[in-house]
Amino acid sequence: MIKIAPSILSADFAKLGQEVAEAEKSGADWIHVDVMDGHFVPNITLGAPIVSAIAPHTTLPLDVHLMIENPERYIPDFAKAGAAFITVHAEACTHLHRVVHMIKELGVKAGVALNPGTPASAISEVLEDLDLVLVMTVNPGFGGQEFIPRTVHKIRQIRQRLNELSLFNVHIEVDGGITSETAPLVTEAGADVLVAGSAVYAQPDRAAAISAIRRSVGGK
């Protein structure tokens, strides 16, 4: 079953609670929260207090994507704020195994993200510890970027390896340039969670936008 996770990076920050609630009413499965620090990526977004603020406005899992340096400093705050998933970048963690297990010990599901230029092999030693692998299909930092087709091969590689290890419950999430045109490419390769920012929040009818993405992958 394909899950759609609208990214609040593209929502109206003046009314985030309402925007999150509307995404849920429109058929979203998760809410994706992009956290950027201005160091790991060239943009600054939001922190744990915002996650705490939006949590009461939805029953959906809050999928927190940390695009930050030294994520281990802030993971406890995001766990306390209500994150269901916390994803860190392989490129940002010197001790990736330790960070993954820190997330899990806080009772939160753990994910690791890979930038477009990072190979699938970068997570081979922690794959069996993960709940989610996030394949960036654009370079992280800004919404509304164009999908990078070469990333599809990486999705396929990771799904093949998960199947070989019988890790059928590990999600492959994709983030960046996901629309009703690109969604079939990534789901065919093995992705099952689609982050959609402007493809949902920039549309006048969010329910129709989510429905269009779902239909593009066969309504799965």
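Residues numbered from 1 in each chain as written. Predicted model: local features only at pLDDT ≥ 70, side-chain atom pairs only at ≥ 80, totals over all residues. Heavy atoms only, no water.

With that settled, consider the side chain of E173. Among the structural elements, E173 can be located in strand β7 (residues 171–175). Every residue in contact with E173, bar those within four places of it in the chain, is listed here: A5, W30, H32, D63, L132, V133, L134, V135, V193 and V195. (Helix = DSSP H or I, 4+ residues; strand = E, 2+ residues; numbered from the N terminus. Contact = heavy atoms within 4.5 Å.)

Under the definition given, this model contains seven salt bridges. A salt bridge links E19 to R206, with the shortest nitrogen-to-oxygen separation between them at 3.0 Å. A residue pair is termed long-range when its members are at least 10 positions apart, and E19 in helix α1 (residues 16–25) and R206 in helix α8 (residues 206–216) qualify at 187 residues. Taking the shortest distance from any N to any O, the salt bridge between E188 and R156 comes out at 2.6 Å. Of the two residues, E188 is situated in helix α6 (residues 183–189) and R156 in helix α5 (residues 151–164); the sequence distance between them amounts to 32 residues. A relative accessible area of 35% places R156 in the partly exposed class. If you follow the salt bridges from partner to partner, you end up with E19, E22 and R206 in one network. (Salt bridge = Lys/Arg side-chain N within 4 Å of Asp/Glu carboxyl O. Buried < 20%, exposed > 50% of the residue type's maximum accessible area, 1.4 Å probe, protein only.)

Before going further, it helps to examine the layout of surface pockets. Of the pockets and cavities examined, the second largest pocket occupies roughly 150 Å³. Around the second largest pocket, the lining residues are P116, T118, P119, A120, I148, R150, T151, H153, K154 and Q157. Its residues assigned to classes, the lining of the second largest pocket shows four nonpolar, four polar and two charged. (1 Å grid on protein atoms, 1.4 Å probe; cavity = no way out; pocket = protein on both sides within 12 Å on 5 of 7 lines; lining within 4 Å. Points joined across faces, edges and corners; volume = space filled by probe spheres on them. Nonpolar A, V, L, I, M, F, W, Y, C, P; charged D, E, K, R; others polar.)

Here we take up the nonpolar core. In terms of nonpolar packing, the biggest core is built from 66 residues, with I8, V33, L66, I86, V88, L96 and I123 touching the most fellow members. Ignoring any residue separated from it by four or fewer positions in sequence, one finds V33 in contact with I8, L46, V51, I54, D63, V64 and H65. F85, A113, V138 and V193 belong to the second largest nonpolar core, which has ten residues in total. (Core = buried A, V, L, I, M, F, W, Y, C linked by side-chain atoms within 4.5 Å.)

Mapping I210 onto the fold places it in helix α8. The residues contacting I210, other than those within four sequence positions of it, are I4, P6, A23, S26, G27, A28 and V200.

We now examine the sheet that holds strand β3 (residues 62–67). One open sheet accounts for eight strands, arranged β1-β8-β7-β6-β5-β4-β3-β2; its pairing is parallel. Strand pairing shows two members of the sheet lacking a second neighbour, β1 (3–6) and β2 (31–36), which therefore form its edges. Neighbour-to-neighbour, the strand axes of this sheet turn through a mean angle of 25 degrees, independent of strand direction. As paired elements, β3 and strand β4 (residues 85–89) share four bridges and run parallel to each other. By the bridge assignment for β4, H65 is matched with T87. Contacting β1 and β8 (193–196), α8 crosses the sheet at an angle of about 145 degrees to β1. (Pairing = 2+ DSSP bridges. Axes fitted to C-alpha atoms, helices over the stretch in contact; angles between N-to-C directions.)

This part is about the pairing of strand β5 (residues 109–114). Among the six residues in β5, five count as buried, and that is most of the element. As paired strands, β4 and β5 are joined by five bridges and run parallel to one another. Bridge assignment links V88 to a residue of β5, and that residue is V112. Each parallel crossover has a hand, and the one from β4 via helix α4 (residues 96–105) to β5 is right-handed. (Right-handed = clockwise from strand over helix to strand, strands pointing away.)

The next thing to look at is the environment of F13. Within the secondary structure, F13 sits in the loop between β1 and α1. For the pair formed by F13 and L46, sequence separation is 33 residues and the distance between their alpha carbons is 10.0 Å.

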